[in-house]
Amino acid sequence: MTPHEEQQMFEREQHIAFSGRCHIGDPESCTQLRNEINSRCGPRPSTSNNMEFILNRDLQKRGTSISNPRTVARVLNSHLPNQKRRVDRVATKSFCTQYIQNGTKIVVASQDEKIRFYQRNPDKSKYRSKYMKSDELRVDQCGWSILDTAISLNGDLIAYGTWKDAVFVGKLDFTERQNITWFPIDLNGEPGRDHCAVFCVKFSDSSEQIVCGTSQYSIHVFDVEQRRRIRTIVNAHEDDVNSVCFADLGSNLIYSAGDDGLVKVWDKRAWSDGDVEPVGVFAGHRDGVTHVDSRQDERYLLSNSKDQTIKVWDLRKFSNMSGVSQHWDYRWQPAPPGLCQPVAGDTSVMTLRGHSVLHTLVRANFSPESTGRRYIYTGCARGEVVVYDIMSGTVSRRLKGHTAVVRECDWHPTENEIVSSAWDGVTTVWTWDERQEGVIAPYDHPNISQFGDEDSCDELFQPVKKQCRRQRKTMSSRGHPCSSSSISQN
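If you check an unreviewed UniProt entry, the protein appears there as DDB1- and CUL4-associated factor 11 homolog from Caenorhabditis elegans. The annotation that UniProt attaches to the protein under Function (unreviewed entry) is "Involved in regulation of lifespan. Required for dopaminergic CEP neuron degeneration in response to Mn(2+)."

Below you can see the structure in the form of structure tokens.
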């Protein structure tokens, strides 16, 4: 391929990345997925419907009377976030963010070895109450940065991973000022070693176990109460294990993703027999996988990859096991051309492209149950939050506002609200504002070529027009004669 042809391919794929693209790999599974979404939330209505406006306002009120899940999903899906409100800005990179305690608090972990908590005033409405910092923790040990944090389902335990051979666990108590004691659970039984990184940490639904993935290609499972390692899968992947998660609440299945480009499925019930082989493998990415997430239905899962795509997988349709090798460094180099080429034997349900995965392990997730899990949302190296619609395969929202890579974002469990944190140190909450008339995804609408108000960090922001000051006229300009005293002085 000549340099000119390479440049043409690069420009073509860059255009695709900005405009968004969907490839259906398994029409049968895709149709079943879309039918299931349609049965749970129905088609997405137009935002010009006045009744939807009224219902959406009711949803934001405390103690709302709307109880039909299908109605709630339909309303939320018609009012996706379109306006940003800045929560906080710190002088360091922010790596992790998520809602905790059913969306009443936000937790953000940054490179300055601190974990910050933010909370809204519960007595005020959503639109009149801002998130304010309520607490701040400094971690016990940290190498380079906090790489991942996890909060137990009931919100009383917190864990984090960093460039240390241990997972650190602490007990949260929001009734008084935090003075947390961290308990390290060593990976190798040799405290003090710092030869690997813990890239991902997850609690089980009962908070009794923690699973993590490391840069030593291994997966570890810990007993929280006894503070000890109970299972290690050595060489679980052929490269770094970047992400792990449980398949569902109470499930015995664990998903893992690594830099070998594979997503693997593990069954804890087989471990008692000494069998630590995966029960299935998904292959189809051309580069390492940065994140894996379950749809919480014990059937579908997604993977985000350095090949600039998100793939949705059907748990009933595994792939032949074949990994990939990396020939470029996504931390420093731009994505090479050709990454979007299909892979032989790819069994994914669909492939989505329209975001950028560079510099760090950008994460993608399914939207919560309140939306019927209709959307897939992800961070982006271009400082955006990108929301894909599974029903149409298009980009529904492209939330621009950060000036650096967005590593993680989280969707509120019950409201149409998304929180994002980025390497610019800014934590932002995205909400729906009916007064917002700006364009959110201009690349998906060729007839529109400009964004809305992106300089605003507050939904009520209105630019103040500078008023011209009236200058006082001099005596001569007013036509008054000079006084005799002034003449005599001259």
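A. A look at helix H2 (residues 27-41). Between its first and last C-alpha atoms H2 spans 21 Å; for 15 residues at 1.5 Å apiece the expected length is 21 Å, and the two agree. Within H2, the full set of buried residues consists of Ser29, Cys30, Leu33, Ile37 and Cys41. Taken around the axis of H2, the buried residues stretch over an arc of 100°, which confines them to a single face. Along H2, exposed side chains directed more than 90 degrees from the buried face belong to Pro27 and Glu28. Buried residues along H2 sit against strand E1 (21-24), helix H4 (69-77), strand E20 (300-305), strand E21 (310-314) and strand E22 (350-353).

B. Spatial organisation of the sheet that holds E20. Strand order in this open sheet of five strands is E1-E22-E21-E20-E19, and the pairing throughout is antiparallel. For this open sheet the edge positions go to E1 and strand E19 (289-294), each flanked by a neighbour on one side alone. Taking the axes of each pair of neighbouring strands and ignoring which way they run, one obtains an average angle of 15° across the sheet. Two elements, E21 and E22, share three bridges in a ladder whose sense is antiparallel. By the bridge assignment, Ile310 is partnered in E22 with Leu352.

C. Spatial organisation of the UniProt feature "repeat: WD" (unreviewed entry) in the protein. The positions UniProt marks with the feature "repeat: WD" (unreviewed entry) are residues 234-267, 282-323 and 399-430. The straight-line gap between the two end C-alpha atoms of residues 234-267 is 15 Å; of that span, 0% is helix and 53% is strand. Helix makes up 0% of residues 399-430 and strand 59%, whereas the separation of the span's terminal C-alpha atoms amounts to 8 Å.

D. Representation of the state of the cysteines within the structure. Scanning all chains against the criterion turns up zero disulfides. The thiol sulfur of Cys200 is not disulfide-bonded, and the nearest other cysteine sulfur, from Cys212, lies at 6.8 Å.

E. Highlighting the pattern of salt bridges. All told, the structure shown has 26 salt bridges when counted by the stated rule. Residues Glu36 and Arg40 are paired through a salt bridge, measuring 2.8 Å at the closest nitrogen-oxygen approach. A residue pair is termed a helical-turn pair when its members lie 3 or 4 positions apart in one helix, as Glu36 and Arg40 do in helix H2 at four residues. For Glu36, a relative accessible area of 26% puts it in the partly exposed group. A salt bridge links Arg120 to Glu415, with the shortest nitrogen-to-oxygen separation between them at 3.4 Å. Here Glu415 lies in the loop between strand E27 (406-411) and strand E28 (417-422) and Arg120 lies in the loop between strand E5 (114-119) and strand E6 (132-138), a separation of 295 residues in the sequence. When sorted by exposure, Arg120 lands in the same class as Glu415, which is buried.

F. Main features of the sheet that holds E27. Reading across from one edge, E2-E29-E28-E27 is the order of the four strands in this open sheet, with antiparallel pairing throughout. On the outer flanks of this sheet lie strand E2 (83-89) and E27, each paired with one strand and no other. When the angles between neighbouring strand axes are averaged without regard to direction, this sheet yields 20°. Sheet topology places E2 next to strand E29 (residues 426-431); six bridges connect them, and they run antiparallel. Residue Arg86 lies in a different strand from E29, and its bridge partner there is Thr428.

G. Spotlight on the packing of aromatic side chains. Counting across every chain of the model gives nine aromatic pairs. Ring centres of Trp163 and Phe199 lie 6.1 Å apart, and the angle between their planes is 85°; on these two criteria the pair is classed as edge-to-face. In this pair, Trp163 sits in the loop between strand E8 (157-161) and strand E9 (166-171) while Phe199 sits in strand E11 (residues 198-203), placing the two residues 36 residues apart along the sequence. Residue Phe199 is classed as buried on the basis of its relative accessible area of 10%.

Rules of the game
Residues numbered from 1 in each chain as written. Predicted model: local features only at pLDDT ≥ 70, side-chain atom pairs only at ≥ 80, totals over all residues. Heavy atoms only, no water. UniProt positions renumbered as here; feature names shortened; annotations may be inferred. Helix = DSSP H or I, 4+ residues; strand = E, 2+ residues; numbered from the N terminus. Expected span 1.5 Å × (residues − 1). Buried < 20%, exposed > 50% of the residue type's maximum accessible area, 1.4 Å probe, protein only. Arc of directions from axis to C-beta. Contact = heavy atoms within 4.5 Å. Pairing = 2+ DSSP bridges. Axes fitted to C-alpha atoms, helices over the stretch in contact; angles between N-to-C directions. Disulfide = S-S within 2.5 Å. Salt bridge = Lys/Arg side-chain N within 4 Å of Asp/Glu carboxyl O. Phe/Tyr/Trp six-rings, centres within 6.5 Å; stacked < 30°, edge-to-face > 60°.

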